[in-house]
Amino acid sequence: MEDGESSGLREVASRLTAPGKGILASDESTGTIGKRLEKAGLQNNEEIRKAYREQFYTAGIGCSISGAILFKETLAQNSSQDIPFVDCLTRQAVLPGIKVDQGLAPLEGCEGETSTRGLESLEAECRAYRKQGARFCKWRAALRIGDSTPSQKAIDVNAQQLAQYAAIAQACDLVPIVEPEILIDGDYDIHRSSSVSQEVFQACVAQLWRHNVDLEATLLKPMMVMPGADASSKASPEDVAQATLDVLRRCIPPAIPGVMFLSGGLSEEEATVYLDSINKLALQQESRHWALSFSFGRALQASVLKLWVAEREGNAPAGKSKEMASAIAAANAAASLGQYVG
Ligand code: 13P
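Residues numbered from 1 in each chain as written. Predicted model: local features only at pLDDT ≥ 70, side-chain atom pairs only at ≥ 80, totals over all residues. Heavy atoms only, no water.

Q: Which residues make up the overall build of the protein chain, and what values do they have?
A: Helices and strands together make up the secondary structure of the protein chain, namely 12 helices and 10 strands. Projected onto its principal axes, the C-alpha coordinates of the protein chain cover approximately 50 × 45 × 40 Å. Expressed as a percentage of its 342 residues, the buried residues of the protein chain come to 57%. Relative to all contacts within the protein chain whose residues are 6 or more apart in sequence, the contacts with residues 24 or more apart total 78%. Of the roughly 14100 Å² that the protein chain leaves accessible, carbon and sulfur atoms contribute 48%. Within the protein chain, the 43 negative side-chain charges are centred at a point lying 4 Å from the centre of the 34 positive side-chain charges. (Helix = DSSP H or I, 4+ residues; strand = E, 2+ residues; numbered from the N terminus. Buried < 20%, exposed > 50% of the residue type's maximum accessible area, 1.4 Å probe, protein only. Contact = heavy atoms within 4.5 Å. Areas by Shrake-Rupley, 256 points an atom, 1.4 Å probe, with all protein chains shown as cover. Lys, Arg positive; Asp, Glu negative; His and termini not counted. Charge placed at Lys NZ, Arg CZ, Asp CG, Glu CD.)

The structure is reproduced here in C-alpha cells:
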C-alpha cells in the first residue's frame with residue numbers, strides 16, 4: 001500500500017489508540033457467548049445476546065473506550081429503542097469494529113494446533129462490513145505452548161494468514177487488528193512465554209512486511225508475556241511488565257501505533273493490574289513506543305454479566321450493570337496510562 005492511500009486508515013488507527021482509551025472486545029461467536037450465557041443460567045438465543053450486548057453499547061463508555069469489536073450478528077442489530085448499535089456507538093465516539101475470522105480449524109500434520117478459517121470469503125465480507133459501518137476488524141490466530149509446540153509450521157502458517165488478512169482488510173478500508181494469541185493454558189514459565197512470543201511476533205512482523213501492509217494503520221493484539229495458568233510459580237506484575245516490554249521492544253516496530261492486549265483468561269483484576277504495571281514501567285523506562293492499552297473481552301465483561309443476570313431476576317437495581325460496565329472500562333483506561341488505583 002502506498003503512503004497517502006491509507007491516511008484515512010491511519011486516522012482511524014490513531015483514534016483507536018487515543019491516550020487513555022482502549023477497545024471493548026464483544027465479538028464472541030454465537031457458540032462462545034452461548035457458553036458464558038448458559039453458565040450464568042440464561043438461554044443462548046438472539047434476543048438475549050442482543051439485550052446483553054446492549055448493556056455495553058448504551059452504557060456511556062465513550063470516555064474510556066475508543067472502539068468496540070462486534071460479531072456479525074450484532075453489527076446489523078438495533079437497540080431496544082430501535083437505534084442501530086452502530087449508531088449507539090458512533091454517537092459516543094466509539095468506532096465500530098468487526099470480527100472477520102471464522103474461527104479455528106485443525107492444522108494438518110500438527111496435532112493439537114490450529115490455523116484460522118475465513119480467508120476465501122474475506123474480501124467480500126470486509127467490503128460488506130465496511131458498508132454496514134465497521135471501521136476496523138479483528139482476526140484471531142491461536143498458538144499453544146507445549147513440549148513441542150508451537151511448531152514452526154503453526155507459527156509460519158498463522159503469521160502468513162494474519163498478514164494476508166491485514167492486507168485484504170486495508171484494501172477494503174478497514175484497520176486490521178492482528179491477534180496472534182498465545183494461549184494461557186499450560187504450565188510453561190515466563191521465560192518460555194517470552195521466547196515463544198518473540199518467535200511469533202517476529203514471524204508476524206516479517207509477514208506484514210512481505211504483504212506490504214501499512215504498519216501505521218495496523219494494531220497488534222497479543223497476550224502479555226507471563227507464565228501459563230498451571231505454572232508452579234506465578235510472576236509478579238513487575239515481572240510481567242518487564243518481560244512484555246522486553247519482547248515488544250525487540251520485535252514490534254514503533255510504526256505500529258498500538259499494542260492492545262487481550263485478557264485471555266486472566267481475572268479482571270489481574271488484567272488491569274498487569275496493564276497498569278506495563279504502562280508504569282514503560283513510562284519509567286521511556287519505552288512507550290506504542291499505545292499500550294487493552295482490547296479485553298472477559299476482563300471487561302465477566303462481572304457485568306453476573307450483575308445483569310441479577311438485575312433481570314430482580315435481585316439488583318436496574319441500571320447497575322451499565323454503571324459497572326462503565327466503571328470497569330474506566331479502571332482499564334486508567335491502567336492504560338499507568339494510573340490505576342486498585
Ligand atoms: P479476552 O480478553 O476474553 O481474551 O477476549 C479478547 C478477544 O477478543 C479474544 O479474541
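Q: Describe the environment of Gly97, listing the residues and the values that go with them.
A: Inspection of the secondary structure assignment puts Gly97 in strand S3 (residues 95-99). Each C-alpha atom, one on Gly97 and one on Ala25, is 9.0 Å from the other, the two residues being 72 residues apart in sequence.

Q: How would you explain the side chain of Ser26 if you had to name every residue and give the values?
A: If you trace the backbone, Ser26 turns up in strand S1 (residues 22-26). Within the local environment of Ser26, its side chain forms a polar contact with the side chain of Tyr57, the two groups lying 2.6 Å apart. Contact partners of Ser26, with chain neighbours within four places excluded, come to Arg53, Tyr57, Ile69, Leu70, Phe71 and Gln301. (Polar contact = N/O pair within 3.5 Å; in protein donor to acceptor, adjacent residues only side chain to side chain.)

Q: For the packing of helix H11 (residues 298-312) against helix H12 (residues 320-335), give the residues involved together with the corresponding values.
A: At a minimum axis distance of 8 Å, the contact between H11 and H12 shows a crossing angle of 165 degrees. Considered as vectors, H11 and H12 are oriented roughly antiparallel to each other. For the element pair H11 and H12, the recorded crossing hand is right-handed. Along its contact with H11, which presents Ala299, Leu300, Ser303, Val304, Leu307, Trp308 and Glu311, the element H12 presents Lys320, Ser321, Met324, Ala325, Ile328, Ala329 and Asn332. Of the residues that constitute the contact of H11 with H12, the class distribution is nine nonpolar, three polar and two charged. (Axes fitted to C-alpha atoms, helices over the stretch in contact; angles between N-to-C directions. Parallel < 35°, antiparallel > 145°, perpendicular 65-115°, else oblique. Left-handed = near helix turned anticlockwise from the far one by under 90°. Nonpolar A, V, L, I, M, F, W, Y, C, P; charged D, E, K, R; others polar.)

Q: Give me the packing of aromatic side chains: which residues, what numbers.
A: Evaluation of the coordinates by the stated rule reveals five aromatic pairs. Ring centres 5.4 Å apart and planes at 85 degrees place the aromatic pair Tyr52 and Phe56 in the edge-to-face group. Taken as a pair, Tyr52 and Phe56 lie in helix H3 (residues 46-57) at a separation of four residues, close to a single helical turn. Exposure remark for Phe56: the relative accessible area of 4% places this residue in the buried category. Taking 5.1 Å as the distance between ring centres and 75 degrees as the angle between the ring planes, the aromatic pair formed by Tyr57 and Phe85 counts as edge-to-face. (Phe/Tyr/Trp six-rings, centres within 6.5 Å; stacked < 30°, edge-to-face > 60°.)

Q: Report on the nonpolar core, specifying residues and quantitative values.
A: Among the nonpolar cores identified, the biggest contains 97 residues, and Tyr165 and Met224 are the most heavily contacted of them. Excluding its chain neighbours within four sequence positions, the residues that come into contact with Tyr165 are Val100, Leu119, Leu122, Cys137, Lys138, Trp139, Pro176, Ile177 and Val178. Residues Ala25, Ile69, Phe136 and Met260 belong to the second largest nonpolar core, which totals 14 residues. (Core = buried A, V, L, I, M, F, W, Y, C linked by side-chain atoms within 4.5 Å.)

Q: Break down the site of the ligand for me, citing the residues and quoting the values.
A: Taken together, 13 residues form the shell around the ligand, and within it Lys138, Lys221, Ser263, Gly264 and Arg298 come nearest. Protein contact buries 91% of the 300 Å² of open area that the ligand shows by itself. At the level of secondary structure, the elements contributing two or more residues to the shell around the ligand comprise strand S6 (136-143) and strand S10 (291-296). A breakdown of the residues in the shell around the ligand according to their chemical character gives three nonpolar, four polar and six charged. (Near = heavy atom within 4 Å.)

Q: Would you mind going over unusual backbone geometry in detail, with residue names and values included?
A: In this chain, Thr149 is followed by Pro150 through a cis amide linkage whose omega measures 0 degrees. When you line up the elements, Pro150 lands in the loop between S6 and helix H7 (152-171). Even without being a glycine, Asp82 presents a positive backbone phi close to 65 degrees. Take Asp82: its relative accessible area is 56%, and that puts it in the exposed class. The phi dihedral of Asp173 falls on the positive side, at around 70 degrees, and the residue is not glycine.

Q: Report on the sheet that holds strand S9 (residues 258-261), specifying residues and quantitative values.
A: Pairing is parallel in the closed barrel, where eight strands are placed in the order S1-S2-S3-S6-S7-S8-S9-S10. Relative to the sheet, H3 contacts S1 and strand S2 (65-70), its axis offset from that of S1 by approximately 175 degrees. (Pairing = 2+ DSSP bridges.)

Q: I'd love a proper account of the pairing of S2, names of residues and values included.
A: With six of six residues buried, S2 lies mostly within the body of the structure. As paired strands, S1 and S2 are joined by five bridges and run parallel to one another. Residue pairing in the sheet places Leu24 in a bridge with Ala68 of S2. Pairing of S2 with S3, which is carried by four bridges, proceeds in the parallel orientation. Note on S3: the bridge partner recorded for Ala68 is Pro96.

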